[in-house]
Amino acid sequence: EEGPTALWKGSGPTVIRAMLLSSSSLGIYSECKERLPGLAPALFPKADSASTMMVGTTLSSIAANLLCTPFDVVKSRIQNQPAPSKGKPAMYTGMVDCFVKGVRAEGPLFLYRGFVPACIKLTPYTTISLILTDKMMRFVTGKSGF
């Protein structure tokens, strides 16, 4: 009904979200591994200790969700908007329009709808993937991956 371009609805926010998710989770995990042992050596004895890795991945997951949830909300709204009737404009003309209309209609907290379920979903994934990548890099190269 909507044509082949409908396959690309929401691709802009999806790409931005992916970039923010990856860069924030990797960067924050790396910083946590570096800084936590200095902040609380009794709790985090080394950069590659289990406690450092668990807390680092959890913090990176929460931060990534804080950055990405607004883009998830906008992406979902754009992708789920009904096809406009002939001669009528679409509900949202793009990502910025969706942000502005959503904040005006529902307030700024609309951008964080689904934050808790997203954290519950992303934290185990982030923990497993970052720790596994770190351990594999250490095995293959002898150095930490982050």
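Everything below is about the structure shown above.
Notes on the structure in this doc start here. Please read all numbers here as calculations on a predicted model, not as lab measurements. (Residues numbered from 1 in each chain as written. Predicted model: local features only at pLDDT ≥ 70, side-chain atom pairs only at ≥ 80, totals over all residues. Heavy atoms only, no water.)

1. Re the overall build of the protein
Scanning the protein from N- to C-terminus turns up four helices and zero strands. The order of α-helices and β-strands along the protein, N terminus first, is α-α-α-α. Taking 146 residues into account, the globule formula puts the C-alpha radius of gyration at 15 Å, and the protein, at 19 Å, lies well above it. The principal-axis extents of the C-alpha atoms in the protein amount to approximately 65 × 35 × 20 Å. For the protein, with 146 residues in total, the buried portion stands at 34%. Sequence-distant contacts, at least 24 apart, represent 64% of the contacts inside the protein between residues at least 6 apart. When the accessible surface of the protein is summed, it comes to about 9100 Å², and 69% of that surface belongs to carbon and sulfur atoms. (Helix = DSSP H or I, 4+ residues; strand = E, 2+ residues; numbered from the N terminus. Rg over C-alpha atoms; globule rule 2.2 N^0.38 Å. Buried < 20%, exposed > 50% of the residue type's maximum accessible area, 1.4 Å probe, protein only. Contact = heavy atoms within 4.5 Å. Areas by Shrake-Rupley, 256 points an atom, 1.4 Å probe, with all protein chains shown as cover.)

2. Considering the pattern of salt bridges
Scanning all chains against the criterion turns up eight salt bridges. The closest approach of N and O atoms between E31 and R35, which form a salt bridge, is 2.6 Å. Taken as a pair, E31 and R35 lie in helix α1 (residues 11-39) at a separation of four residues, close to a single helical turn. Judged by its relative accessible area of 34%, E31 falls in the partly exposed class. (Salt bridge = Lys/Arg side-chain N within 4 Å of Asp/Glu carboxyl O.)

3. Re the nonpolar core
In this structure, F71, V73, V74, I78, Y92, C98, F99, F110 and L111 together form the largest nonpolar core, which totals nine residues. For this core, the element with the most residues is helix α2 (residues 50-80), which contributes four residues. Apart from the residues within four sequence positions on either side, Y92 is in contact with R77, Q81, D97, C98 and K101. (Core = buried A, V, L, I, M, F, W, Y, C linked by side-chain atoms within 4.5 Å.)

4. Remarks on the environment of G56
Tracing the backbone through its elements, the reader meets G56 in helix α2. Residue class for G56 comes out buried when judged on its relative accessible area of 0%. Spatially, the C-alpha atoms of G56 and K9 are 34 Å apart, while their sequence positions differ by 47 residues. If we skip the residues at most four places from it in the chain, G56 touches Y29, C32 and L36.

5. So, helix α3 (residues 95-106)
Look at α3: 16 Å from first C-alpha to last across 12 residues, which is about the 16 Å you get at 1.5 Å a residue. For α3, the complete set of buried residues consists of D97, C98, F99 and G102. On its buried face, α3 is in contact with α2. Downstream of α3 by a residue or two, G107 has a phi angle that is positive, lying close to 90°. (Expected span 1.5 Å × (residues − 1).)

6. So, the side chain of Q81
With respect to the element layout, Q81 can be found in the loop between α2 and α3. Apart from residues lying up to four places away in sequence, Q81 is in contact with K9, A90, M91 and Y92.

7. Brief notes about the packing of α1 against α2
Packing of α1 against α2 leaves a shortest axis separation of 8 Å and a crossing angle of 165°. In terms of orientation, α1 and α2 fall into the roughly antiparallel class. Here the hand of the crossing between α1 and α2 comes out right-handed. Looking at side-chain class alone, the contact of α1 with α2 contains 19 nonpolar, eight polar and four charged residues. (Axes fitted to C-alpha atoms, helices over the stretch in contact; angles between N-to-C directions. Parallel < 35°, antiparallel > 145°, perpendicular 65-115°, else oblique. Left-handed = near helix turned anticlockwise from the far one by under 90°. Nonpolar A, V, L, I, M, F, W, Y, C, P; charged D, E, K, R; others polar.)

8. Focus: the packing of α1 against helix α4 (residues 115-141)
Interaxial distance between α1 and α4 falls to 12 Å at its minimum, and their mutual angle equals 65°. Here α1 and α4 pass one another in a crossing that is right-handed. Contacts between α1 and α4 involve L21, S25, L26, Y29 and K33 from the first element and L122, L130, I131 and D134 from the second. Of the residues that constitute the contact of α1 with α4, the class distribution is six nonpolar, one polar and two charged.

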